[in-house]
Amino acid sequence: MNKYSAIELSILWSRLISIVDEAGTTLRRTAFSSVTRESADFAVVLMDTKGQSLAQSSVSVPSFLGVLPFLVKALLKDYFPPQDWQEGDVVITNDPWLCAGHKPDIGIVSPVFFEQQLIGFIGCIAHSPDIGGALWGAGAKDFYEEGLYIPPLKLYAAGTKNETLFRIIETNVRAARQTIGDILAQVAANDQGIRSLHRL
């Protein structure tokens, strides 16, 4: 293992924080909805191959920061074991038991590969402008009234867009342009984080 001086370690740590902050800025600037752009109702976290948190965005919702590592660990254990991930994969879910407690919070997770080896994950959670169901989710009487449920699925598989899943989401929400726009902004944020990590 490489040994780093305190100065080198401090520089590398600051760079990791900059990477997730840059990804968060990408999300904020490319999002379609005001809830993400103006309220900063999101978080970005860089994790290792086991889903343990390494760095988190400075501007973010604190509860999301703890949820993302939990989400990645659940994905690895129950849905997509490490050997099943490919470069260009993007997984989406709004499972309230895995994500952030209610369906409008959408989690997007991307694997980070370097020299064809899985070295970690980057993920973000953002509050969607709409997820269908009854308006004002606090008044919902059951799980189904809270809107569309997206189980952990590949939004992109090895870089190929899952058109069927996009169509399902698009046709089950009121503000389709904003909702899909925000999902794509989350994907862009993860991509930006991966590119920056490669440069590091």
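Being a predicted model, the structure only gives us computed values, none of them experimental.

A. Spatial organisation of the environment of glutamate 8. Mapped onto the elements of the fold, glutamate 8 is located in helix H1 (residues 6-30). Here serine 5 takes part through its backbone nitrogen, which lies 2.9 Å from a polar atom of the side chain of glutamate 8.

B. Just the nonpolar core, in detail. Core analysis: the biggest nonpolar cluster contains 34 residues, and Ile92, Ile108, Leu155 and Ile169 have the highest contact counts within it. Those elements giving two or more residues to this core turn out to be H1, strand S1 (42-47), strand S3 (90-93), strand S4 (105-114), strand S5 (117-127), strand S6 (153-157), helix H4 (163-171) and helix H5 (176-199). Setting aside anything within four residues of it in sequence, one finds leucine 155 in contact with Val90, Val91, Ile92, Ile108, Thr160, Lys161, Asn162, Leu165, Phe166, Ile183 and Val187. Counting 22 residues, the second largest nonpolar core, distinct from the first, contains Leu68, Val72, Val91 and Leu118.

C. Broad picture of the pairing of S4. Across the 10 residues that make up S4, a large majority, 9, are buried. Two strands pair when backbone bridges link them, and S3 and S4 are joined in this way by 3 bridges, in the antiparallel orientation. Among the inter-strand pairings, threonine 93 is bridged to a residue of S4, identified as glycine 107. Of the strand pairs in this sheet, S4 and S5 are connected by 10 bridges, and their pairing is antiparallel.

D. Quick peek at the sheet that holds S4. Read from one edge of the open sheet, 7 strands run S2-S1-S5-S4-S3-S6-S7, paired in antiparallel fashion. What marks the edges here is a single partner per strand, and that holds for strand S2 (53-56) and strand S7 (160-161). Sheet analysis places S1 next to S2, joined by 3 bridges and oriented antiparallel. Within the sheet, the bridge partner assigned to leucine 46 lies in S2 and is alanine 55. Strand contacts of helix H3 (residues 62-79): S1, S2, S3, S4 and S5, with the helix running at about 50° to S1, the strand carrying the most contacts. Contacts between H4 and the sheet are confined to S3, S6 and S7, with S6 contributing the most and set at about 125° to the helix.

E. Representation of the packing of H1 against H5. Look at H1 against H5: their axes get within 8 Å of each other, and the N-to-C directions meet at 155°. One element, H1, and the other, H5, form an angle in the roughly antiparallel class. Considering how the two elements wind past one another, H1 and H5 form a crossing that is right-handed. In this structure, H1 uses Arg15, Leu16, Ile19, Glu22, Ala23, Thr26, Leu27 and Thr30 to contact H5, whose residues at the interface are Gly181, Asp182, Ala185, Gln186, Ala188, Ala189, Gln192, Gly193, Ser196, Leu197 and Arg199. Here the residues of the contact of H1 with H5 are counted per class, giving 8 nonpolar, 7 polar and 4 charged.

Criteria and thresholds
Residues numbered from 1 in each chain as written. Predicted model: local features only at pLDDT ≥ 70, side-chain atom pairs only at ≥ 80, totals over all residues. Heavy atoms only, no water. Helix = DSSP H or I, 4+ residues; strand = E, 2+ residues; numbered from the N terminus. Polar contact = N/O pair within 3.5 Å; in protein donor to acceptor, adjacent residues only side chain to side chain. Core = buried A, V, L, I, M, F, W, Y, C linked by side-chain atoms within 4.5 Å. Buried < 20%, exposed > 50% of the residue type's maximum accessible area, 1.4 Å probe, protein only. Contact = heavy atoms within 4.5 Å. Pairing = 2+ DSSP bridges. Axes fitted to C-alpha atoms, helices over the stretch in contact; angles between N-to-C directions. Parallel < 35°, antiparallel > 145°, perpendicular 65-115°, else oblique. Left-handed = near helix turned anticlockwise from the far one by under 90°. Nonpolar A, V, L, I, M, F, W, Y, C, P; charged D, E, K, R; others polar.

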